[in-house]
Amino acid sequence: MNNIYQNTLIKIFTLLFFIYFNLNNITYAQDVSDKNTACNAALDKGNIANAVSISDDILKQEPNNHDGLLCKGRALGAQGKYDAALNALELAAKQSKPGFDEIISYLLIGNLHLENKKYAGAIVSYEKSLKICEAEKNDKFKRINLNLIGETYAQNNDLNAALARYLAGSKLAMNDNERADSFERLGATYNALDQHDLAIEYQLKGVIMQKKVGTLDQYANASLALGQVYEKAKEYPNAEKTYTKLIQFAKDNGGVYYEAKASHELALIKATGGDTSSAKAIMSVALKIANNLGARALASEIEASIKKLSN
């Protein structure tokens, strides 16, 4: 009878121990997960020092925590500490589970290289991520990597290589927002290559798509870019129509920055056509808006244009 009683007690204590142990593990894992969430939230808010501090706490608990290493690498990169950031991100890549974790790790390493104008390293990292995307049949991140490779080539002034990647990425667009993004990338690249007809075609598609699904800012930025594409192609009447339409859109929707920006661009076209009087008058209004808004960079731009017209 005593043996039965003792065995029962042993089983109860053993069960309680495992329950306690598992609860502690769950609490511990949840704590690390919460800290990773907080670390990424700090990065999103631009609170870089806080992100570094949180990531340090994570890595004290789990030195090889993949998400903690990624967050620390991104935070250090934002602080301009390239070597330390690269070390953290490469450690994260080594700790990655096969598949999606690897895709993200190599993509973020590529971003760090690109931000520091280390173009060859960026392409190598993005290509690694891209290869895993293909193996995993992950078209979403395949498209993202193709666009990032395109951006890298574009920044390094290899425009034809950039164009090839953007065209490949555009075929993987899954919705109108992604199509709008692809159209604008293609429009900008064709514009840089002085292929005016294609630049206009794709930027116009981008404007139409942004009007359909984009934010007011996205539509306004796409419209500004279209006006600039028309200007480069020396299609000044179309550029003028585009800026005039954007000015009215900005007035109707409270977009005073875009009203000032588009007005400045419109004034420059007037000046190109020899109508200096109208150009100065439009610039004066645009300058007042920019100053009231506190948009110092734009105000300085407009002031420089007025000075140039006055000489």
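Keep in mind that this is a model prediction, so the values were computed, not measured.

A. Layout of helix α3 (residues 66-78). The terminal C-alpha atoms of α3, which comprises 13 residues, lie 19 Å apart, in line with the 18 Å expected from a rise of 1.5 Å per residue. The opening residue of α3, the one whose side-chain oxygen lies 3.3 Å from the backbone nitrogen of Asp 67, is Asn 65. Of the residues flanking the end of α3, it is Gly 80, one or two places downstream, whose phi is positive at about 80°.

B. A look at the nonpolar core. Core analysis: the largest hydrophobic core is formed by 61 residues, its most contacted members being Tyr 126 and Tyr 243. Looking at this core element by element, the count peaks at eight residues for helix α5 (residues 100-115). Contacts of Tyr 243, omitting those with residues within four sequence positions, involve Leu 224, Gly 227, Gln 228, Glu 231, Ala 262, Glu 265, Leu 266 and Ile 269. Listed in part, the twelve residues of the second largest apolar core include Ala 267, Ala 279, Ala 299 and Ile 302.

C. Helix α9 (residues 176-192), seen in detail. With 17 residues, α9 extends 24 Å between its outermost C-alpha atoms, agreeing within 8% with the 24 Å of an ideal straight helix rising 1.5 Å per residue. Along α9, the residues that are buried comprise Asp 176, Glu 178, Ala 180, Ser 182, Phe 183, Glu 184, Arg 185, Leu 186, Gly 187, Thr 189, Tyr 190 and Asn 191. The inward-facing, buried residues of α9 contact α7 (139-155), α8 (159-170), α10 (196-213) and α11 (216-232). Regarding α9, its N-cap is Asn 175, as a side-chain oxygen of that residue lies 3.1 Å from the backbone nitrogen of Asn 177 further along.

D. Representation of the pattern of salt bridges within the structure. Applying the stated criterion across every chain yields a total of 14 salt bridges. With a closest N to O distance of 4.0 Å, Arg 143 and Glu 178 form a salt bridge. Residue Arg 143 is located in helix α7, and its partner Glu 178 is located in helix α9; the two are separated by 35 residues in the primary sequence. In terms of burial, Arg 143 and Glu 178 fall into one category: buried. Lys 212 is the salt-bridge partner of Asp 176, the closest N and O atoms lying 2.8 Å from each other. Linking Asp 176 in helix α9 with Lys 212 in helix α10, this pair joins segments that are 36 residues apart in sequence. On the basis of relative accessibility, which here comes to 17%, the residue Asp 176 falls in the buried class.

Reading guide: rules and limits
Residues numbered from 1 in each chain as written. Predicted model: local features only at pLDDT ≥ 70, side-chain atom pairs only at ≥ 80, totals over all residues. Heavy atoms only, no water. Helix = DSSP H or I, 4+ residues; strand = E, 2+ residues; numbered from the N terminus. Expected span 1.5 Å × (residues − 1). Polar contact = N/O pair within 3.5 Å; in protein donor to acceptor, adjacent residues only side chain to side chain. Core = buried A, V, L, I, M, F, W, Y, C linked by side-chain atoms within 4.5 Å. Buried < 20%, exposed > 50% of the residue type's maximum accessible area, 1.4 Å probe, protein only. Contact = heavy atoms within 4.5 Å. Salt bridge = Lys/Arg side-chain N within 4 Å of Asp/Glu carboxyl O.

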